[in-house]
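Structural description and commentary
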Amino acid sequence: MLFSRNYPPSPALAPYIRRHYVFAAELPEDFSLVDKLLSENVFVRILIRGDWKAEVAPGQWEAAGPVVLFGANAKPMPVSVNGPFTVAGFAIRPSGWRSLNEAPARDFSDRMLPLQEVWGDLADKLWSEVSHCPDDDVIVAAMETMISAQLKKIGLFAPAPQMARFETIARTDSMRKVEDAADELSLSVRQLERRCLVSFGLSPKVILRRSRFLDMATAMRGFSSPNERVLAGLRYFDQSHLTREFKHFLGVTPRQFRLSSTPLFTAGLKLRHEGKTLA
C-alpha cells in the first residue's frame, strides 16, 4: 500500500518551496514496480529506503545516489523501484528557483542527477540529517534547515513575482492562452518565454499544455470534481486530440490509462491535487 503525505513549508520558506512530502510503500522485498513520473516542479527526492532507478536512455536504467534532483518534465520519465521504499523531498517553486540555484532550470529539464552536483556538501548534510529521522515532523524540519542554508549560500535573491503569478495561472487556468497570460503579467510573449525557461525550465506553452493534461488526468482518477464548463474545456477539441496528449505526456491512450493502475504517477496526481490547497 502507498502512503503519500503533503506538508506546507514554513512562512519563511513559502516563497521558495511549494511543498514538502513523504511518500512510502510497504511492498514485498521481491516486488518490482515500473511506472512514469511527470513533474511540474523541480523536485529534490531523498531516497531514505528502497532501490530507485530511472530510464535515462532506451533500455538504460540508472540511479543517482540517495539525494536526487529531478528536473521538471516535458515528457514522461520511466522509473522503477524494487521492494519497500520511503522517499522524502520538496518541490521548488519556479519563482524561487534562482534564489536556490545558480544555473537556469532549463539545464535540468527531463533529467535526474545527484543533488551534490548542484548544492555541493549541503546535499551530503541533507542526507545525513534526514536519513535517520524518526518521523515526518523531524524530516520536514531537517529539510527546512538545509534549504535555509542553501538560500544563504546563494545570497537570498528575492523571488520572481511574475513567475509566481504565472505558476498560479498554470495551476488554476490551464486553458489560458500564452498571449493572454503574458498580457496579464505585463510581459511580451518573448519575455515570458525567456523567464519561464530560467524559472520553470520549459516554455510557457509546454507548461500550460502539461498542466491541462494533468488536470484532465486528475479528474479521470477521481481526485478532482471540475464543473461541467471546466470539464468540457479539459476534454480538448476531440478524442484524437486527447489521445495525442496522453500519448505525448504518458505514452498511453486515455483508455489504457483508465484501465491501468499507474501507482507512482497516480500518487503524484494526488500529491499535486492536495498541494493546491497548501498555497
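Described in the following lines is the structure provided in the data block. If you're wondering where the values come from, they're calculated on a predicted model, not measured in any experiment. (Residues numbered from 1 in each chain as written. Predicted model: local features only at pLDDT ≥ 70, side-chain atom pairs only at ≥ 80, totals over all residues. Heavy atoms only, no water.)

1. Structural notes on the pattern of salt bridges
Scanning the model with the defined rule gives 13 salt bridges in all. In this structure, Glu26 engages Arg49 in a salt bridge whose closest nitrogen and oxygen atoms are separated by 2.8 Å. You can see Glu26 sitting in the loop between strand S2 (17-25) and strand S3 (32-37) and its partner Arg49 sitting in strand S4 (residues 42-57), a full 23 residues away along the chain. Taking the relative accessible area as the measure of exposure, Glu26 reaches 51% and is therefore exposed. (Salt bridge = Lys/Arg side-chain N within 4 Å of Asp/Glu carboxyl O. Helix = DSSP H or I, 4+ residues; strand = E, 2+ residues; numbered from the N terminus. Buried < 20%, exposed > 50% of the residue type's maximum accessible area, 1.4 Å probe, protein only.)

2. Side note on the packing of aromatic side chains
All told, the structure shown has 11 aromatic pairs when counted by the stated rule. Considering the side-chain rings of Trp52 and Phe85, the 5.2 Å spacing of their centres and the 85° angle between planes classify their relative orientation as edge-to-face. Residue Trp52 is found in strand S4, and its partner Phe85 is found in strand S7 (residues 77-92); the two are separated by 33 residues along the sequence. Accessibility assignment for this pair places Trp52 and Phe85 in one class, buried. Judged by centre distance (6.5 Å) and plane angle (40°), the ring pair of Phe213 and Phe265 falls under tilted. Here Phe213 is found in helix H8 (residues 204-220), whereas its partner Phe265 is found in helix H12 (residues 263-275), with 52 residues between them in sequence. (Phe/Tyr/Trp six-rings, centres within 6.5 Å; stacked < 30°, edge-to-face > 60°.)

3. Let's talk about unusual backbone geometry
Of note, the phi angle at Ser186 is positive, near 60°, even though the residue is not glycine. Within the element layout of this structure, Ser186 appears in the loop between helix H6 (178-184) and helix H7 (189-199). The exposure class of Ser186 is exposed, given its relative accessible area of 64%. Its identity as a non-glycine residue notwithstanding, Thr262 has a phi of 35°, on the positive side. Its location among the elements puts Thr262 in the loop between helix H11 (254-259) and H12.

4. With respect to the packing of helix H5 (residues 161-172) against H7
At their nearest, the axes of H5 and H7 sit 11 Å apart, and the two run at 85° to each other. If you check the angle between H5 and H7, you find them roughly perpendicular. Across the interface between the two elements, Gln162, Met163 and Phe166 from H5 touch Leu192, Arg195, Cys196 and Ser199 from H7. The residue inventory of the contact of H5 with H7, partitioned by class, reads 4 nonpolar, 2 polar and 1 charged. (Axes fitted to C-alpha atoms, helices over the stretch in contact; angles between N-to-C directions. Parallel < 35°, antiparallel > 145°, perpendicular 65-115°, else oblique. Contact = heavy atoms within 4.5 Å. Nonpolar A, V, L, I, M, F, W, Y, C, P; charged D, E, K, R; others polar.)

5. Describing the side chain of Asp215
Checked against the element boundaries, Asp215 lands in helix H8. By relative accessible area, Asp215 is classed as buried at 12%. Looking at Asp215, its side chain comes within polar contact range of the side chain of Arg272, at 3.0 Å. (Polar contact = N/O pair within 3.5 Å; in protein donor to acceptor, adjacent residues only side chain to side chain.)

6. What to know about the side chain of Thr243
Tracing the sequence through the fold places Thr243 in helix H10 (residues 239-249). Looking at Thr243, the relative accessible area reads 18%, which means it is buried. Excluding its chain neighbours within four sequence positions, the residues that come into contact with Thr243 are Thr253 and Pro254.

7. Description of the pairing of S3
Side chains Leu33, Asp35 and Leu37 project from S3 onto a buried face, and the interleaved Ser32, Val34 and Lys36 project onto a face without burial. With 6 bridges joining them, S3 and S7 adopt antiparallel strand pairing. Following the sheet pairing, Leu37 is matched in S7 by Met77. (Pairing = 2+ DSSP bridges.)

8. Notes on H10
When H10 is considered as a whole, its buried residues turn out to be His241, Leu242, Thr243, Glu245, Phe246 and Phe249. Of the surrounding secondary structure, the elements contacted by the buried residues of H10 are H8 and H11. Among the residues trailing H10, Gly251 stands out with phi positive, at a value near 80°.

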